Amino acid sequence: MKIEGRCHCGQITYEAQVDPDTVSICHCTDCQTLTGSAYRAVVRAPAESFVLRTGQPKIYIKTAESGTKRAHAFCPDCGTPIYAAAIVKDPPTYSLRLGTIKQRAELHPKRQIWCRSALPWAMDIRGVEQFSRQ
């Protein structure tokens, strides 16, 4: 599936080919902190299909509980997280942040990881009061 993405301010734009079956949610505490939310949702894109069209992201190196280091890219102006990748010369894949993808409504999560760290309410919000607008 071809997708297009951008940061909030529009400085960074990209496109890629993704497999919708690779959409996942991570509940680890690092992802909660890095997103400022209850979890992170991503879809993997093979490196050969990922094209940064405009802008240059700032890179933050995160060290996971396992000791593995990952490059986290975000817009230097608006702070929107764009992707994460292995710290190698040519990473095989990019984990694209779902919220930056124009076609995000078509990308349904297929798995959840680090559920031991999930906020108890984040696993089921069906009962939370809903409004179509604020």
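Preceding block: the structure.
Just so it is clear, the structure is predicted and the values come from calculations on it, not from any experiment.

Cut-offs applied
- Residues numbered from 1 in each chain as written.
- Predicted model: local features only at pLDDT ≥ 70, side-chain atom pairs only at ≥ 80, totals over all residues.
- Heavy atoms only, no water.
- Helix = DSSP H or I, 4+ residues; strand = E, 2+ residues; numbered from the N terminus.
- Rg over C-alpha atoms; globule rule 2.2 N^0.38 Å.
- Buried < 20%, exposed > 50% of the residue type's maximum accessible area, 1.4 Å probe, protein only.
- Areas by Shrake-Rupley, 256 points an atom, 1.4 Å probe, with all protein chains shown as cover.
- Lys, Arg positive; Asp, Glu negative; His and termini not counted.
- Charge placed at Lys NZ, Arg CZ, Asp CG, Glu CD.
- Pairing = 2+ DSSP bridges.
- Axes fitted to C-alpha atoms, helices over the stretch in contact; angles between N-to-C directions.
- Salt bridge = Lys/Arg side-chain N within 4 Å of Asp/Glu carboxyl O.
- Polar contact = N/O pair within 3.5 Å; in protein donor to acceptor, adjacent residues only side chain to side chain.
- Contact = heavy atoms within 4.5 Å.
- Core = buried A, V, L, I, M, F, W, Y, C linked by side-chain atoms within 4.5 Å.

Draft legend 1. Molecular detail of the overall build of the protein. Summing up its helical and strand segments, the protein has one helix and ten strands in all. Its helices and strands taken in sequence order, the protein reads β-β-β-α-β-β-β-β-β-β-β from the N to the C terminus. For the protein, the C-alpha radius of gyration of 15 Å lies close to 14 Å, the compact-globule estimate for 134 residues. Projected onto the principal axes, the alpha-carbon positions of the protein cover approximately 45 × 35 × 30 Å. Looking at the 134 residues of the protein, the share that counts as buried comes to 36%. Total accessible area on the protein is roughly 8,600 Å²; 51% of this is exposed by carbon and sulfur atoms. Seen as two clouds, the 18 positive and the 12 negative side-chain charges of the protein have centres 3 Å apart.

Draft legend 2. Up close: the sheet that holds strand β2 (residues 13-17). The strand order across the open sheet built from three strands is β1-β2-β5, with neighbouring strands paired in antiparallel fashion. With one partner strand each, in any of the chains shown, β1 (2-6) and β5 (51-54) form the two edges of the open sheet. Within the sheet, the average angular offset between the axes of one strand and its neighbour, ignoring direction, is 25°. Examined bridge by bridge, β2 and β5 share three bridges and lie antiparallel to one another. The residue bridging Glu-15 from the neighbouring strand is Val-51, located in β5.

Draft legend 3. Fine view of the pattern of salt bridges. Tallied over the full model, the rule gives five salt bridges. One salt bridge in this structure joins Lys-2 and Glu-15, with 3.8 Å as the shortest N-O distance. In this pair, Lys-2 sits in strand β1 while Glu-15 sits in strand β2, placing the two residues 13 residues apart along the sequence. The shortest N-O distance in the salt bridge between Asp-124 and Arg-126 comes to 2.8 Å. Each of Lys-2, Glu-15 and Arg-53 takes part in one network of salt bridges that share partners.

Draft legend 4. Quick look at unusual backbone geometry. The phi torsion at Trp-114 lies on the positive side, around 55°, for a residue other than glycine. Locating Trp-114 in the fold gives a position in the segment after β10 (111-113). Looking at Trp-114, the relative accessible area reads 38%, which means it is partly exposed.

Draft legend 5. Fine view of the sheet that holds strand β7 (residues 69-74). Strand order in the open sheet formed by seven strands is β6-β7-β8-β9-β4-β3-β10, and the pairing between neighbours is mixed. Lying at the two open borders of the sheet, with one neighbouring strand each, are β6 (58-63) and β10. Averaged over neighbouring strand pairs, the angle between their axes works out to 30° when direction is ignored.

Draft legend 6. Region of interest: the side chain of Thr-80. With respect to the helices and strands, the residue Thr-80 is situated in the loop between β7 and β8 (81-86). Residue class for Thr-80 comes out buried when judged on its relative accessible area of 15%. Here the side chain of Thr-80 touches His-8 through a polar contact of 3.1 Å, landing on its backbone nitrogen. Those residues in contact with Thr-80 that lie beyond four places of it in its chain are Cys-7, His-8, Ala-73, Phe-74, Cys-75 and Thr-100.

Draft legend 7. Focus on the nonpolar core. Counting residues in hydrophobic clusters, the biggest one holds 20 residues, and the most contacted among them are Ile-3, Val-43, Tyr-83, Leu-96, Ile-101 and Leu-107. Elements with a contribution of two residues or more to this core: β2, β4 (40-46), β8 and β9 (93-97). A total of three residues in this core trace back to one element, the largest contributor, which is β8.

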